[in-house]
Amino acid sequence: MQVNKVSVIGAGTMGNGIAHVFAQSGYNVTLIDVNPEQLDKATATIDKNLARMVKKEKISESDKEATMSRISTATDIGSGAKDADLVVEAVNEQFDLKKKIFQQLDEVTSDDTILASNTSSISITKIAAVTSRPEKVIGMHFFNPVPVMKLVEVVNGLDTAKEVTEQITKLSENLGKSPVPVNDYPGFVSNRVLMPMINEAIFSVYEGVAEPEHVDEVMKLGMAHPMGPLRLADFIGLDVCLDIMRVLHEGFGDPRYRPCPLLIKMVDASKLGDKTGEGFYKY
Ligand code: CAA
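Cut-offs used in this document
Residues numbered from 1 in each chain as written. Predicted model: local features only at pLDDT ≥ 70, side-chain atom pairs only at ≥ 80, totals over all residues. Heavy atoms only, no water. Pairing = 2+ DSSP bridges. Helix = DSSP H or I, 4+ residues; strand = E, 2+ residues; numbered from the N terminus. Axes fitted to C-alpha atoms, helices over the stretch in contact; angles between N-to-C directions. Domains from an automatic or database assignment. Buried area = accessible area lost by both parts, 1.4 Å probe. Salt bridge = Lys/Arg side-chain N within 4 Å of Asp/Glu carboxyl O. Polar contact = N/O pair within 3.5 Å; in protein donor to acceptor, adjacent residues only side chain to side chain. Nonpolar A, V, L, I, M, F, W, Y, C, P; charged D, E, K, R; others polar. Parallel < 35°, antiparallel > 145°, perpendicular 65-115°, else oblique. Contact = heavy atoms within 4.5 Å. Left-handed = near helix turned anticlockwise from the far one by under 90°. Buried < 20%, exposed > 50% of the residue type's maximum accessible area, 1.4 Å probe, protein only. Disulfide = S-S within 2.5 Å. Near = heavy atom within 4 Å. Areas by Shrake-Rupley, 256 points an atom, 1.4 Å probe, with all protein chains shown as cover. 1 Å grid on protein atoms, 1.4 Å probe; cavity = no way out; pocket = protein on both sides within 12 Å on 5 of 7 lines; lining within 4 Å. Points joined across faces, edges and corners; volume = space filled by probe spheres on them.

## Considering the sheet that holds strand β3 (residues 71-74)
Reasoning step 1: On the basis of which strands lie adjacent, the open sheet formed by eight strands has the order β3-β2-β1-β4-β5-β6-β7-β8 and mixed pairing. Strands at the two margins of the open sheet, each flanked by one partner only, are β3 and β8 (178-183). The sheet shows a mean angle of 25° between the axes of neighbouring strands, taken without regard to direction.
Reasoning step 2: Bridge analysis of strand β1 (residues 5-9) against strand β2 (residues 28-32) gives five bridges, and the strand direction is parallel. Bridge assignment links K5 to a residue of β2, and that residue is N28.

Right under this line is the structure:
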């Protein structure tokens, strides 16, 4: 099926970035969120990010206007997703919430519609199993900031059809991204490698090996990482990092994935990083 109309569910950081890149590549996008204020915030963020691109002469003012004109918003899945050829879900990392959304999508969308999840660690196979079309359910894992980062991790669930993987791979290329195929195991590849590194950086602080800024300096200056692991953890959100560590710990049943007690304590204290104004650093 030709994909023209895309619905993105969840207007947080990832959702607005995903809507941005689809609209900029010529797709008509409906951004859906139960909270109308979140939708206003998301469209204002997309406008601001496009304005920055105009200022840097990467796109013209008319490209920006055309991109914005391709984005509409909705507060319910029934009206916002019913005509979609592809839905990309980007809500919080809670399985019960995703389950409800995928069951509803299965009812309201056409049988041909591809249902993708931007989940960073929840099993695509498990999400697919709540629908009557597991062969059309796939992971489309974008990276923050979505307009900048090239990677889309294309995650194949146990029953994802080969044609669906091929279509999502092609479509990711149309967005100017570099799709990489992976299979559905805890953390996929990205977070199976990234999160234990971040967790170990937190252990280094917990055990008094070094201060956060020194851990980050080591990784930036010695390994050429654009952000140190603790700055990156704040950027991703410490709650998200903890959720992913718990998925790895539970999924593999291996103590090497245990979340650092300092990470748990910071999440308990609501020091979640950039979004709360404090994490390993103050913002
Ligand atoms: N939206 C759009 N564009 C943005 C942006 C945003 N939110 N933030 C930065 N940019 C653009 C800037 O306009 C700039 O563009 P040009 O190169 O064309 O000038 C470019 O990105 C670089 O920005 P800056 O010069 O302001 O800042 P920087 O050089 O420090 O780069 C960064 C910022 C791109 C975020 C860089 O620090 C970086 O790559 N950090 C690592 C990010 C990363 O690892 N992300 C993945 C997180 S994991 C995840 O998302 C998934 C998961 O499952 C947890």
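## As for the domain arrangement of the protein chain
Reasoning step 1: Under the domain assignment used here, the protein chain contains domain 1 (5-183) and domain 2 (192-268).
Reasoning step 2: Centre-to-centre, using C-alpha coordinates, domain 1 lies 27 Å away from domain 2.
Reasoning step 3: Summed over both partners, the interface of domain 1 with domain 2 comes to about 400 Å²; 64% of that surface belongs to carbon and sulfur atoms.
Reasoning step 4: When the area that domain 1 buries against domain 2 is broken down by residue, the three leading residues are E93, S121 and N144, summing to 72%.
Reasoning step 5: Our count for the domain 1 to domain 2 interface comes out at zero salt bridges.
Reasoning step 6: Counting across the interface, domain 1 meets domain 2 through zero residue pairs in polar contact (both at pLDDT 80 or more).
Reasoning step 7: The class makeup of the residues in the side of domain 1 that touches domain 2 is one nonpolar, three polar and one charged.

## Re the packing of helix α9 (residues 212-223) against helix α10 (residues 229-236)
Reasoning step 1: It is at 7 Å that the axes of α9 and α10 come closest, and there the two elements cross at 105°. Relative to α10, α9 is oriented roughly perpendicular. Residues P212, V215, D216 and M219 of α9 touch α10, and the partners they reach there are P229, L230 and R231.
Reasoning step 2: Each residue belonging to the contact of α9 with α10 can be placed in one class, and the counts come to five nonpolar, no polar and two charged.

## Describing the packing of helix α1 (residues 13-24) against helix α2 (residues 36-55)
Reasoning step 1: Between α1 and α2, the least distance of the axes is 9 Å, while the angle of their chain directions is 55°. When the axes of α1 and α2 are compared, the pair comes out oblique. α2 is crossed by α1, and the crossing has right-handed handedness. For the pair α1 and α2, the contacting residues are N16, A19, H20 and Q24 in the first and A42, T45, I46, N49, L50 and M53 in the second.
Reasoning step 2: Looking at the contact of α1 with α2 residue by residue, the classes come out as five nonpolar, five polar and no charged.

## Some words on the side chain of T67
Reasoning step 1: Tracing the chain through its elements places T67 in helix α3 (residues 61-69).
Reasoning step 2: For T67, a relative accessible area of 1% corresponds to the buried category.
Reasoning step 3: Setting aside anything within four residues of it in sequence, one finds T67 in contact with H20, A23, Q24 and L50.

## Thoughts on the state of the cysteines
Reasoning step 1: A complete count under the given rule lists zero disulfides for this structure.
Reasoning step 2: Not part of a disulfide, C241 finds its nearest cysteine sulfur in C260, a span of 12 Å.
Reasoning step 3: A relative accessible area of 0% places C260 in the buried class.

## Topic: the site of the ligand
Reasoning step 1: Taken together, 17 residues surround the ligand, and among them K56, K58, H141, N144 and N191 come closest.
Reasoning step 2: Taking N49, its side chain carries an N or O atom lying 3.5 Å from a nitrogen atom of the ligand.
Reasoning step 3: Within the side chain of N191, one N or O atom sits 2.9 Å away from an oxygen atom of the ligand.
Reasoning step 4: Here the ligand has 1000 Å² of accessible area as a free molecule, and 65% of this is covered by the chains.
Reasoning step 5: Looking at the shell around the ligand, the elements with two or more residues in it are α2 and α10.
Reasoning step 6: Residue composition of the shell around the ligand, grouped by class: nine nonpolar, five polar and three charged.

## Re the layout of surface pockets
Reasoning step 1: In this model, the second largest pocket occupies a volume close to 290 Å³.
Reasoning step 2: The wall of the second largest pocket is formed by E93, F95, S121, I122, S123, K126, D243, R246, V247, E250 and G251.
Reasoning step 3: Broken down by element, the residue count for the lining of the second largest pocket peaks at five residues, all from helix α11 (residues 238-252).
Reasoning step 4: Of the residues assigned to the lining of the second largest pocket, the class counts are three nonpolar, three polar and five charged.

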